Amino acid sequence: MEPLTEQEIRSAFVNCTKGEAKRLSVPRDLADRPWGDLDFLGWRDPQAPGRGYLVVPSDQGPVGIQLRSSDAGSWQTRRSMCSMCVTTHTGGVSLLVAPRSGKAGQQGNSVGAYMCSDLACSLYVRGKKDAGVGARLRESLTLEQQIQRTMANLGAFITKVTAR
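Read on for a plain summary of the structure. (Residues numbered from 1 in each chain as written. Predicted model: local features only at pLDDT ≥ 70, side-chain atom pairs only at ≥ 80, totals over all residues. Heavy atoms only, no water.)

**Observations regarding the overall build of the protein chain**
The number of helices and strands found in the protein chain is five helices and seven strands. Along the protein chain, helices (α) and strands (β) appear in the sequence α-α-β-β-β-β-β-β-α-β-α-α when read from the amino end. Against the compact-globule benchmark of 15 Å for 164 residues, the protein chain has a radius of gyration of 15 Å, which places it among compact chains. Over its C-alpha atoms, taken along the principal directions, the protein chain stretches across nearly 45 × 35 × 30 Å. Across the 164 residues of the protein chain, 43% fall into the buried class. Within the protein chain, contacts between residues separated by at least 24 positions form 56% of all contacts whose residues are at least 6 apart in sequence. For the protein chain, the accessible area works out to roughly 9,000 Å², and carbon and sulfur atoms hold 50% of it. (Helix = DSSP H or I, 4+ residues; strand = E, 2+ residues; numbered from the N terminus. Rg over C-alpha atoms; globule rule 2.2 N^0.38 Å. Buried < 20%, exposed > 50% of the residue type's maximum accessible area, 1.4 Å probe, protein only. Contact = heavy atoms within 4.5 Å. Areas by Shrake-Rupley, 256 points an atom, 1.4 Å probe, with all protein chains shown as cover.)

**Description of the packing of aromatic side chains**
This model, assessed by the stated rule, comprises two aromatic pairs. With a centroid separation of 5.8 Å and an interplanar angle of 90°, the aromatic rings of Phe13 and Tyr53 are classed as edge-to-face. With a gap of 40 residues between them, Phe13 in the loop between α1 (6-11) and α2 (18-23) and Tyr53 in strand β2 (residues 51-56) connect regions that are remote in the sequence. Owing to a relative accessible area of 1%, Tyr53 belongs among the buried residues under this scheme. A centroid spacing of 5.2 Å and a plane angle of 35° characterise the contact between Trp43 and Tyr53, whose relative ring orientation is tilted. A residue pair is termed long-range when its members are at least 10 positions apart, and Trp43 in strand β1 (residues 41-44) and Tyr53 in strand β2 qualify at ten residues. Each of the two residues, Trp43 as well as Tyr53, counts as buried. Three or more aromatic residues joined by ring pairs form one cluster here, namely Phe13, Trp43 and Tyr53. (Phe/Tyr/Trp six-rings, centres within 6.5 Å; stacked < 30°, edge-to-face > 60°.)

**Quick word on the side chain of His89**
Mapped onto the secondary structure, His89 falls in strand β5 (residues 88-90). Excluding residues that lie within four positions of it along the chain, His89 makes contacts with Arg78, Arg79, Ser80, Cys116, Tyr124 and Ala131.

**Describing the sheet that holds β1**
Spatially, five strands are ordered β1-β2-β3-β6-β7 in an open sheet, and the strand pairing comes out antiparallel. Strand pairing shows two members of the sheet lacking a second neighbour, β1 and β7 (110-116), which therefore form its edges. Neighbour-to-neighbour, the strand axes of the sheet open up by a mean angle of 30°, direction not taken into account. In the sheet, β1 pairs with β2 via four bridges, with the strands oriented antiparallel. In the sheet register, Trp43 faces β2, and the bridge partner there is Tyr53. Against the sheet, helix α5 (residues 143-162) engages β2, β3 (63-69), β6 (93-99) and β7, with an angle of about 160° to β7. (Pairing = 2+ DSSP bridges. Axes fitted to C-alpha atoms, helices over the stretch in contact; angles between N-to-C directions.)

**Digging into the environment of Asp118**
Along the polypeptide, Asp118 turns up in the loop between β7 and α4 (121-125). Look at Asp118 and you get partly exposed, because its relative accessible area is 27%. As for Asp118 and Gln107, which are separated by eleven residues in sequence, their C-alpha atoms are 28 Å apart. In this structure, Asp118 is in contact with Gly42, Tyr124 and Lys129, ignoring residues within four places of it in sequence. Side chain to side chain, Asp118 and Lys129 meet in a polar contact 2.7 Å long. (Polar contact = N/O pair within 3.5 Å; in protein donor to acceptor, adjacent residues only side chain to side chain.)

Such coordinate-based values are descriptive only and should not be taken to indicate function.
Written out as C-alpha cells, the structure is:
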C-alpha cells in the first residue's frame, strides 16, 4: 500500500459525515507504519475503544470505512476466526459493524463482519505479527493468493457498506 497523509485518510471516508471524518483520531505514527507490508490501513481509536477505521486502496482512490464494536462479552474468550484474513485468535476477533453509506446509513442500516480486533490482517497473513499457536492454518495457497483472498473478502465487505 502507498503511504497516505492525514488529509487523504480523512477525505476517504464514505460512511460518516465530513464533520465526523474531521474529528476522528488518525494514527499519529503514519510515517512509521510498515506501508510495504500493508494491503490496507486499519486502526482502533485509542480515545474510543469501541471504534475502528479501515482505509482501503481502490481504483478510484482510497475508501475509508468507520467501524464500531459491541462491548466486550464472554464470547471474546472463545477461539474465533477473522472472516477477512482467516486468522484464528483467542479473544482477538470482534464483530465490527459499519454503518452503510448514503441514505441507508442515515436510516440506521449497517453491515457487520468478524475481523481481527486490531485490524492488522495484512501483518498476520505475512507472518509479521503473531496471533499465537495455531493462529494461521497451514494452507496450500501461496502468500500472494492469501493476500488476494483477504483483499477479496475485504472488498466484498466494502461493497456491502457502499451498496446503494
